[in-house]
Amino acid sequence: MLPTTDPAALVSHSSLSQQDFDRFAALSGDHNPIHVDPVFSASTPFGATVSHGMLLFSRLRGLVERHYPGLPLASQTLMFPAPCYADEPLKLVLTPEPAPAGQGIALRTEIIKQDGRHGLRGHCVLHAAADAQAAAHPPAHSATHASRAAHPAANTAAPAPLAPGSAGAAALVPSMARFLALRAGDSATLERCYTQDDYAVWAALADSPAVPAALPEPLIPALFSCLLGEELPGHGTNYLKQSLHFLAPAQPAEPLRASVTVSRLRADKALVNLQTRCTGADGRLLCHGEALVLFRQ
């Protein structure tokens, strides 16, 4: 049974399909087989494909937009305690909280599974209306390109998805040898332009009431998710936590540069801490934070 909800909370009921997982993989570039390959996922502790964490965040962001239209995020924390599966009933909950002094609107954000466990829990702060209006006019950019770069070798094409059940997918289960080869300071980067068409795809996946005019915030950590799932540490990586601080908005077709950098390794638990950053076309910092992932053997 789902737990009792605070009477002040805003609640919605939802579910995500395998098609949603596949569409988000195509949108973000994160084709980690735990999300898109049922045969591969059946051999993992999950037992089946699971949602991208940033797809869950997107669905919550759509609910926020329904109740607080036009207010951008200032910050968001995300924890993913339990996996969310395709077609699983989910309860989305926004609960107002006291805001930090001088800041806008604070919410506890939750996605609760049918068995009462959390698929996602965290907290967000929205800019107040005046702050949102002031932040709505960043420099416009017209450059359009999409490329990918990773350390130490460059890769200019987004990774192609693996065929479900393929030998290649099975071979990409991370080994401890790969974990032990990681070093603090190792990094991976990705450059990407999202278009208005991408915004429309995101709005449908997020169940947002409208296609946003500016870049939806979850599409920035979607780039971090892509790097974590595809490059560093790579396929099989399990996203546990992410903190996000949004400093400036981005515009359609603005070139974005996302990076993840290993800051700590915990070999006893196969955990990796990484610093996450995203900059815009002029080098201004759009978002920064920290990720924690489990490197599955």
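Use the structure listed above.
Residues numbered from 1 in each chain as written. Predicted model: local features only at pLDDT ≥ 70, side-chain atom pairs only at ≥ 80, totals over all residues. Heavy atoms only, no water.

1. Remarks on the overall build of the protein
Phase 1: When helices and strands are counted, the protein shows nine helices and eleven strands.
Phase 2: Looking at the protein as a whole, 51% of its 297 residues are labelled buried.
Phase 3: If you take every contact in the protein between residues at least 6 apart in sequence, the share linking residues at least 24 apart comes to 70%. (Helix = DSSP H or I, 4+ residues; strand = E, 2+ residues; numbered from the N terminus. Buried < 20%, exposed > 50% of the residue type's maximum accessible area, 1.4 Å probe, protein only. Contact = heavy atoms within 4.5 Å.)

2. Re helix α1 (residues 18–28)
Phase 1: If you check which residues of α1 are buried, you get D20, F21, F24, A25, L27 and S28. Buried residues of α1 fall within an arc of 165 degrees about the axis and therefore sit on the same side. Facing away from the buried side of α1, by more than 90 degrees, are the exposed residues Q19 and A26.
Phase 2: Turning to α1, the residues buried within the fold contact α2 (33–36), α4 (53–67), β7 (187–192), α8 (196–206) and α9 (219–230).
Phase 3: The first or second residue beyond α1 is G29, which carries a positive phi of 85 degrees. (Arc of directions from axis to C-beta.)

3. Topic: the pattern of salt bridges
Phase 1: Applying the stated criterion across every chain, the model contains eleven salt bridges.
Phase 2: The closest approach of N and O atoms between R108 and E110, which form a salt bridge, is 3.4 Å.
Phase 3: Connected via shared salt-bridge partners are R61, E65 and E217. (Salt bridge = Lys/Arg side-chain N within 4 Å of Asp/Glu carboxyl O.)

4. Thoughts on the side chain of S225
Phase 1: Relative to the elements of secondary structure, S225 occurs in helix α9.
Phase 2: Excluding residues that lie within four positions of it along the chain, S225 makes contacts with D30, M54 and Y239.

5. Details of the environment of L78
Phase 1: For L78, the position within the fold is in strand β2 (residues 73–79).
Phase 2: Taking the C-alpha atoms as reference points, L78 and Q242, 164 residues apart in sequence, are found 5.1 Å from one another.
Phase 3: For L78, the contacting residues outside a window of four places in its chain are M54, F57, L120, R121, L240, K241, Q242 and L244.

6. Observations regarding unusual backbone geometry
Phase 1: In this structure, P233 follows L232 across a cis peptide bond, with omega equal to 5 degrees.
Phase 2: Within the fold, P233 resides in the loop between α9 and β8 (238–246).
Phase 3: Of note, the phi angle at D87 is positive, near 65 degrees, even though the residue is not glycine.
Phase 4: Considering the arrangement of structural elements, one finds D87 in the loop between β2 and β3 (90–97).

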